[in-house]
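Structure assessment
For reference, the chains in residue letters:
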Amino acid sequence: MTAAIPDTTDVSTAAAGPLRSLAQLLSGPSGLGTHSLRLAAAAVTEAVPEAVPDEPPAVERPSSPRIEGLYCPPAVRDDRALADEVNDRLVEWAEKEVDLYPDTSLRDGLLAFDAGRSVVLCHPDAPSIDHLMAAARLLIAENAVDDYFCEAEYGGTADRRGAALAVAQSAIDPAHNTPRYEADWRAGLDAHPALRSMRSAMDHFYTLSTPAQAHRFRHDIVNLYLGYGAEGDCISQRRTPPVWEYLVQRQFNSFRPCLTLTDSVGGYELPAHLFAEPAVQRAVALSSNAATICNDLYSLRKEQASERFHYSLPTVIAAEEDCSIHEAFQKAIEVHNEIVHLFEEQAAVLSATNPLVARFVTGLHNWVTGNHEWHAGNVGTRYATSP
Ligand SMILES: CC(C)=CCC/C(C)=C(\C)COP(=O)(O)OP(=O)(O)O
């Protein structure tokens, strides 16, 4: 069977999801840590256990347009009311604390993006709305850096991208020099909405992360910017890289920073020495790659409709294999599915090693499934377009 490239314009089929009260969520929606215990138990008895909870999923499916043949287990929970509450608080933060979009018409874009639903879907174990807000602010700020410094529509230019991203990194990785130049640096950050929002989002994140978790996040963000640079080079040269090079780039230019804060947002810490284990790093990379290739697949129609040069997993496969974009789309689905299966195998093995690691890889899995649900159901600005 051939999967159609998604047309996500049909709002009538968007997932509503069961509405659950905020109080219910805050009292522990699915039992913090209990998924990982189930996952750990399964790992002992099965070769490739299901890395998902055995309770009925909160997400009804198929309720929104999704890609035929794309393998992804259902998300653990969905909650429109809670997502709206997060969105409302995000708008307040964006407007009152950081003046993120001085052009107020962009406020609608912020709501349409629906970061609230993303974090609600991807972090079902968050112990409070403050934890969800920490993830949501960072998500919005990361997108602002991409929009303002890398996307041509917002003024990003190839000849300034590297310099702009170095300054963007300093918003979360402070400059230390003489008081005079530190003051100049602070004024530089204050002058730009993306920099203000990144710094503020990080300040909020510090309140619920340990120094090691914050350090992990900074490291993942600087790698993200390495990926932005690679993508920017290819776009300005209109170069379609070979598939292997594309996958290398996409591993950096990925959702990884959103996944690796799963423990901070879940209210616990995977210690740095466990996070650094090569087997854990492989699980992080595979889950982040799966989530990001999912974005490639759901964004293809939008990118094809755009005037700009774009490349993604389907287009690099089409170029390398000299096949139609439809055939390449199928092949990209297969790559995605294989990566999800590899991740689940890795997660199962890891879950048997240590309860904290089990909890962490369950968090990664939650992010992959929640991200898929968000992309399938997001009929906001980023995915709503027809060719
Ligand atoms: C939020 C975050 C860490 C994003 C970093 C990577 C990124 C911009 C994506 C994975 C999205 O990719 P892309 O730029 O292709 O986005 P859209 O297709 O426009 O959603």
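Since the structure is predicted, the reported quantities are computational estimates derived from the model, not experimental observations.

1. Overview of the overall build of the chain
- What the chain contains, in helices and strands, is 18 helices and 0 strands.
- A separation of at least 24 residues holds for 79% of the contacts in the chain among residues at least 6 apart in sequence.

2. What about the nonpolar core?
- Ala-136, Ala-168 and Met-198 are the most contacted members of the largest nonpolar core, which has 94 residues in total.
- Per element, the largest residue contribution to this core is 14 residues, and it comes from helix 6 (residues 129–150).
- Dropping the residues within four chain positions of it, Met-198 is found in contact with Ala-141, Val-145, Ala-168, Ala-171 and Ile-172.

3. Here's the deal with helix 11 (residues 243–252)
- Turning to helix 11, its buried residues are Tyr-246, Gln-249, Arg-250 and Phe-252. Buried positions in helix 11, seen along its axis, are confined to an arc of 155° and lie on one side of it.
- Packing partners of the buried residues in helix 11 comprise helix 10 (211–237), helix 15 (278–305) and helix 16 (313–321).

4. Looking at helix 15
- Given a rise of 1.5 Å per residue, 28 residues ought to cover 40 Å, and the 40 Å separating the end C-alpha atoms of helix 15 matches this to within 8%.
- Along its length, helix 15 shows its largest kink, about 50°, at Ser-299.

5. Quick notes on the packing of helix 5 (residues 115–122) against helix 6
- Packing of helix 5 against helix 6 brings their axes to within 9 Å, and their N-to-C directions diverge by 130°. As far as their axial angle goes, helix 6 and helix 5 are oblique. Like other packed secondary-structure pairs, helix 5 and helix 6 cross with a definite hand, here right-handed. Where helix 5 abuts helix 6, its residues Ala-115, Gly-116, Ser-118, Val-119 and Val-120 lie against Leu-132, Ala-135, Ala-136, Leu-139 and Ile-140.
- A breakdown of the residues in the contact of helix 5 with helix 6 according to their chemical character gives 8 nonpolar, 2 polar and no charged.

6. Digging into the confidence of the model for the chain
- Averaged over the chain, the pLDDT score is 83; the fraction of residues at 70 or greater is 79%.
- Counting contacts from residues 7–57, a segment whose pLDDT is below 50, to residues more than four positions away or on other chains yields 100 contacts.
- pLDDT under 50 marks residues 383–387. Its contacts with residues more than four places away, or in other chains, come to 19 contacts.
- Both confidence scores are given for the complex: pTM 0.84, ipTM 0.95.

Cut-offs applied
Throughout, a residue's number is its position along its own chain's written sequence, starting from 1. Local features are withheld for residues below a pLDDT of 70 in this predicted model, meaning they are given only at 70 or higher, and side-chain atom pairs are given and counted only at 80 or more; totals for whole chains, interfaces and linings count all residues. Put simply, DSSP marks the helices as runs of H or I at least four residues long and the strands as runs of E at least two long, and each gets a number from the N terminus on. Residues are treated as contacting if the C-beta atoms built from their backbones sit within 7 Å of each other. We define a nonpolar core as a collection of buried residues of the types Ala, Val, Leu, Ile, Met, Phe, Trp, Tyr and Cys that are connected via C-beta atoms lying within 7 Å of each other. As a rule, residues whose C-beta atom has 12 or fewer other C-beta atoms within 10 Å are exposed, those with 20 or more are buried, and those in between are partly exposed; C-beta atoms are placed from the backbone. The arc in question is traced by the directions running from the helix axis to the C-beta atoms. What a helix should span is 1.5 Å times the count of its residues minus one. Here the bend at each residue means the angle between axes fitted to two seven-residue stretches, the one ending at that residue and the one beginning there. Between N-to-C directions, angles cover 0 to 180 degrees, with each direction set by a line fitted to C-alpha atoms, over the stretch in contact for helices. Any angle that is under 35 degrees is reported as roughly parallel, and any over 145 degrees as roughly antiparallel; angles of 65 to 115 degrees are reported as roughly perpendicular and all others as oblique. Each helix crossing is assigned a hand: it is left-handed if the near helix lies turned anticlockwise from the far helix by less than a right angle, otherwise right-handed if that turn is clockwise. Classification used: nonpolar for Ala, Val, Leu, Ile, Met, Phe, Trp, Tyr, Cys and Pro, charged for Asp, Glu, Lys and Arg, polar for all others including Gly. Known as pLDDT, the predictor's confidence for each residue is given on a scale from 0 to 100.

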